Amino acid sequence: MSGFIEFQNVAKVYNGSKVAVENVDLSFEKGEFICFIGTSGSGKTTLMRMINRMNTPTSGKVMVDNQDVANLNPVELRRRIGYVIQSIGLMPHMTIRENITLVQRLLKVDEATREQTANKMIDLVELPREMLDRYPFELSGGQQQRIGVVRALAADQDIILMDEPFGALDPITREALQDLIKNLQEKLGKTVVFVTHDMDEALKLASQLVVMSHGHVVQADTPENVLRHPANEFVEELIGEERLLQSKPDNTTVGEIMIPSAVTIHSDRSLSDAITMMKERRVDSLIVTNNDGILQGIVDIQNLNRMRSKASSVGDIMVDVPFVHETDYLKHTLQKILNLGLKVVPVVDKTQHVVGLLTRSSLVDLVYDTIWGTDMNADAADDAGALGSTAMKEV
């Protein structure tokens, strides 16, 4: 059975001699999240751009839904395939509604349908519909990024190409947007082809991982199989020794060690309510949910102090926060906290309801035995000590 996206013995040669990609045979099913990863110049972006004919193969075929893209009108093809570049920037002279429905207007979709789409998309990223009439400069940076993501989904294209879309973002915003795009991809059933040079990002997002080097596919498999069975030394080096160690079996989950409660506040509550709750519960941040208990973001005392004269509700000043699922493995969660410097991480169930909390201090006593074991090396001990010295008071 043929795949939804196929590369059949594809090659790309520039100026008669410079080989960009060579002898690529790949097949992917509909609804997969495919990550191309490799060093600079490995051919990953060249290969991805062949799907929408922004690059043309020198030889071989690229098939989409059993059609050779070389036989399709490139303009019509590109309107069927979403494309997100690194900046993910919005059109500054257009409202949020106009930005979201840009491709639909090019396709001459009727106004009523465009309005339904705009409402649906902004609901998906859980922003108020009143924002549809605002301009990008009136939104926070995190809100703009969310709109940029759903704009790529708004035309209901089956395939979304994403070329290092989060590469220029700060780590915490990047983490939150990774969570967003993965959740939307699964919810909407889209096929995403994602280029990255960040192995952590690829392992987190991909259902199929394609490792490339010097124009060749070195390994194509699930992230789990790539981690456990690297094809060669190049793949091992790209993964890194620490990730290889983490890939060893460990059945400890977040749900087993999380604090089964979190100080939460609804997004429609006032700033004075938030301040009162912080005083009463003796915390400096609150997890924000909607009225159904679904995670929305986080608000801390610094935001409250800085924005209290400009906003009326918690939802106006909350910011994105990375989260973990209660079924996630502890070893992966610990690395996320170390990498991002997070003090507190909400824990959610499969429906995004907040079910608990991880803090640095809740992990310290488990670091030695659970992650590194009793024979940990000196560097691991230093990391654990640093983790403990900065631990915040458990909520």
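Residues numbered from 1 in each chain as written. Predicted model: local features only at pLDDT ≥ 70, side-chain atom pairs only at ≥ 80, totals over all residues. Heavy atoms only, no water.

The name given to the protein chain in an unreviewed UniProt entry is Quaternary amine transport ATP-binding protein, with the source organism recorded as Weissella minor. The Subcellular location (unreviewed entry) field of the UniProt record for the protein chain holds the comment "Cell inner membrane". Listed under Catalytic activity (unreviewed entry) in UniProt, the entry text for the protein chain is "a quaternary ammonium(out) + ATP + H2O = a quaternary ammonium(in) + ADP + phosphate + H(+)". (UniProt positions renumbered as here; feature names shortened; annotations may be inferred.)

K.L.:
How should the packing of aromatic side chains be read in this particular structure?
P.N.:
Any two aromatic rings considered together are summarised by their centre-to-centre distance and by the angle between their planes. Applying the stated criterion to the full structure yields 5 aromatic pairs. Seen from their ring centres, F7 and F36 are 6.4 Å apart, and the 65° between their planes marks the pair as edge-to-face. Of this pair, F7 sits in strand β1 (residues 5-14) while F36 sits in strand β3 (residues 33-38); the two residues are 29 residues apart in sequence, bridging distant segments of the chain. This pair shows no difference in class: F7 is buried, exactly as F36 is. Note on F33 and F194: the rings are 5.8 Å apart at their centroids and 45° apart in plane angle, and the pair reads as tilted. Taken together, the positions of F33 in strand β3 and F194 in strand β8 (residues 191-196) put the pair 161 residues apart, joining distant regions of the chain. Like F33, the residue F194 is buried in the burial classification. Three or more aromatic residues joined by ring pairs make a cluster, and in this case those are F7, F28 and F36. (Phe/Tyr/Trp six-rings, centres within 6.5 Å; stacked < 30°, edge-to-face > 60°. Helix = DSSP H or I, 4+ residues; strand = E, 2+ residues; numbered from the N terminus. Buried < 20%, exposed > 50% of the residue type's maximum accessible area, 1.4 Å probe, protein only.)

K.L.:
Help me out: how do you make sense of the packing of helix α6 (residues 141-153) against helix α7 (residues 171-188) in this one?
P.N.:
Between two packed helices, what matters for the description is the angle formed by their axes and the separation of those axes. Interhelical geometry of α6 versus α7 gives an angle of 25° and a closest axis separation of 11 Å. Regarding the angle of α6 to α7, the classification is roughly parallel. In the packing of α6 onto α7, the handedness of the crossing is right-handed. Residues Q145, R146, V149, V150 and L153 of α6 lie in contact with α7, whose contacting residues are L177, L180, I181, L184 and L188. Residues that form the contact of α6 with α7 fall into these classes: 8 nonpolar, 1 polar and 1 charged. (Axes fitted to C-alpha atoms, helices over the stretch in contact; angles between N-to-C directions. Parallel < 35°, antiparallel > 145°, perpendicular 65-115°, else oblique. Left-handed = near helix turned anticlockwise from the far one by under 90°. Contact = heavy atoms within 4.5 Å. Nonpolar A, V, L, I, M, F, W, Y, C, P; charged D, E, K, R; others polar.)

K.L.:
Explain helix α13 (residues 271-281) here, please?
P.N.:
Along an α-helix, a turn takes 3.6 residues, which lines up residues three or four apart on a common side. Every buried residue belonging to α13 is among L271, A274, M277 and M278, and all of these are buried. For α13, the buried positions fall inside an angular range of 120° around the axis, keeping them on one side. Pointing more than 90 degrees away from the buried face of α13 are the exposed residues K279 and E280. Buried residues in α13 make contact with β11 (264-266), β12 (285-289), β13 (295-300), α14 (301-307) and α15 (314-317). (Arc of directions from axis to C-beta.)

K.L.:
Where do I start with α6 in this structure?
P.N.:
For α6, which comprises 13 residues, the first-to-last C-alpha distance of 19 Å matches the rise-based estimate of 18 Å (1.5 Å per residue) to within 8%. Burial runs high along α6: 10 of the 13 residues are buried. Those residues of α6 lying buried are Q143, Q145, R146, I147, G148, V149, V150, R151, A152 and L153. Looking at the buried positions of α6, the neighbouring elements they touch are β6 (81-84), α3 (96-100), α5 (111-124), β7 (159-163) and α7. (Expected span 1.5 Å × (residues − 1).)

K.L.:
When you look at the pairing of β1 in this model, what are you seeing that I'm missing?
P.N.:
On a regular strand, one side chain projects to one face of the sheet and the next to the other, so that they alternate. In this structure, β1 lies alongside strand β4 (residues 59-64), joined through 5 bridges in antiparallel fashion. Its bridge partner being in β4, F7 is matched across the sheet by V62. In terms of strand pairing, β1 meets strand β2 (residues 18-28) through 7 bridges, oriented antiparallel. Across the sheet, the residue bridging to V13 is V19, located in β2. Taken together, β1 and the strand that follows it, β2, pair antiparallel across an intervening segment of 3 residues, in which N15 is found at a positive phi of about 55°. (Pairing = 2+ DSSP bridges.)

K.L.:
In this structure, what is going on with the confidence of the model for the protein chain? I would like to understand it.
P.N.:
Detail in the predicted coordinates should be disregarded across regions flagged by low pLDDT. Model confidence for the protein chain is summarised by a mean pLDDT of 83, while 86% of its residues fall at 70 or above. Per-residue pLDDT stays below 50 along residues 368-395; that stretch engages in 45 contacts with residues further than four places along the chain or on separate chains. (pLDDT = per-residue confidence, 0-100.)

K.L.:
I'm lost on unusual backbone geometry in this one. Help?
P.N.:
With the exception of glycine, most residues fall at negative phi, and the peptide bonds are largely trans. At R53, a residue that is not glycine, the phi angle is positive and equals roughly 65°. Relative to the assigned elements, R53 resides in the loop between α1 (44-49) and β4. One non-glycine residue, D65, lies in positive phi territory at about 55°. Mapped onto the secondary structure, D65 falls in the loop between β4 and β5 (67-68). A relative accessible area of 43% places D65 in the partly exposed class.

K.L.:
Is there a simple way to explain the sheet that holds β2 in this structure?
P.N.:
The strands making up a sheet associate through hydrogen bonds between their backbones, and the pairing can be parallel or antiparallel. Strand order in the open sheet made by the 4 strands is β2-β1-β4-β5, with antiparallel pairing throughout. Only two strands of the sheet have a single partner each, and these edge strands are β2 and β5. In this sheet, β5 lies alongside β4 in antiparallel orientation, the contact comprising 2 bridges. For V64, the partnering residue across the bridge sits in β5 and is Q67.

K.L.:
Mind showing me how you'd approach the pattern of salt bridges here?
P.N.:
Side chains that differ in sign of charge can pair as their charged atoms come close. The tally for this structure, following the rule as stated, stands at 12 salt bridges. A salt bridge links E201 to R174; its shortest N-O distance comes to 3.1 Å. You can see E201 sitting in helix α8 (residues 199-205) and its partner R174 sitting in helix α7, a full 27 residues away along the chain. R174 sits in the buried class, given a relative accessible area of 13%. Three or more residues are tied together by salt bridges with common partners; here these are R97, E115 and D133. (Salt bridge = Lys/Arg side-chain N within 4 Å of Asp/Glu carboxyl O.)

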